[in-house]
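What follows is the residue order along each chain.
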Amino acid sequence: QVQLVESGGGLVQAGGSLRLSCAASGRAFSVYDMGWFRQPPGKDREFVAGISWSGGSTDYADSVKGRFTISRDNAKNTVYLQMNSLKPEDTAVYYCAAARVPSISPAHYNYNYWGQGTQVTVSS
């Protein structure tokens, strides 16, 4: 069992930045690939970014490439999402998730554990 708790969400103006954190507890965090997903109002949950268990590989949705950066610190059992140049369309509830998969997966059904989510609101 892995427990995940997100933090760092909030209200920011367009063009601003936020850094989300996801703290993990429970079973060995370092064996899991980690992902960030988001769910905009009235829409389905979508993949944002993923990082391999070692941190050596990352993947991003096209909509956030060049603006968002995922990273992890296995010593602190924490994964981060640095979000720069935020746009109103980035407004969503952001979730972190953990998966045991051969490679980073953008599919939410491959993720075994989920946090409760943190709200990010970008005003225009």
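What counts, and where the lines are drawn
Residues numbered from 1 in each chain as written. Predicted model: local features only at pLDDT ≥ 70, side-chain atom pairs only at ≥ 80, totals over all residues. Heavy atoms only, no water. Salt bridge = Lys/Arg side-chain N within 4 Å of Asp/Glu carboxyl O. Helix = DSSP H or I, 4+ residues; strand = E, 2+ residues; numbered from the N terminus. Buried < 20%, exposed > 50% of the residue type's maximum accessible area, 1.4 Å probe, protein only. Pairing = 2+ DSSP bridges. Axes fitted to C-alpha atoms, helices over the stretch in contact; angles between N-to-C directions. Phe/Tyr/Trp six-rings, centres within 6.5 Å; stacked < 30°, edge-to-face > 60°. Lys NZ or Arg CZ within 6 Å of the ring centre and 35° of its normal.

### Details of the pattern of salt bridges
Throughout the structure, instances matching the rule amount to four salt bridges. Across the pair aspartate 90 and arginine 38 runs a salt bridge, and its minimum N-O distance is 2.9 Å. Residue aspartate 90 is found in the loop between β8 (78-83) and β9 (92-99), and its partner arginine 38 is found in strand β4 (residues 33-39); the two are separated by 52 residues along the sequence. Neither residue differs from the other here; aspartate 90 and arginine 38 are each classed as buried. One salt-bridge network, in which partners are shared between bridges, spans Arg38, Glu46, Arg67 and Asp90.

### Considering the sheet that holds strand β7 (residues 68-73)
The antiparallel open sheet is built from four strands, whose spatial order is β1-β3-β8-β7. A strand with exactly one partner marks an edge of an open sheet, and here the two such strands are β1 (2-7) and β7. Going from strand to strand, the sheet's axes swing by 15° on average, the running direction of each strand aside.

### Considering the packing of aromatic side chains
Tallied over the entire structure, the rule returns six aromatic pairs. Both rings, one in phenylalanine 37 and one in tyrosine 111, keep their centres 5.0 Å apart while their planes meet at 80°; by these two values the pair is edge-to-face. Pair noted here: phenylalanine 37 is in strand β4 and tyrosine 111 is in the loop between β9 and β10 (113-114), with a separation of 74 residues, a long-range link. We classify tyrosine 111 as buried; its relative accessible area is 5%. Ring pairs connect the aromatic residues Phe37, Phe47, Tyr95, Tyr111 and Trp114, which therefore count as one cluster. Taking the ring centre of tyrosine 80 as reference, the NZ or CZ of arginine 19 above it sits at 4.0 Å.

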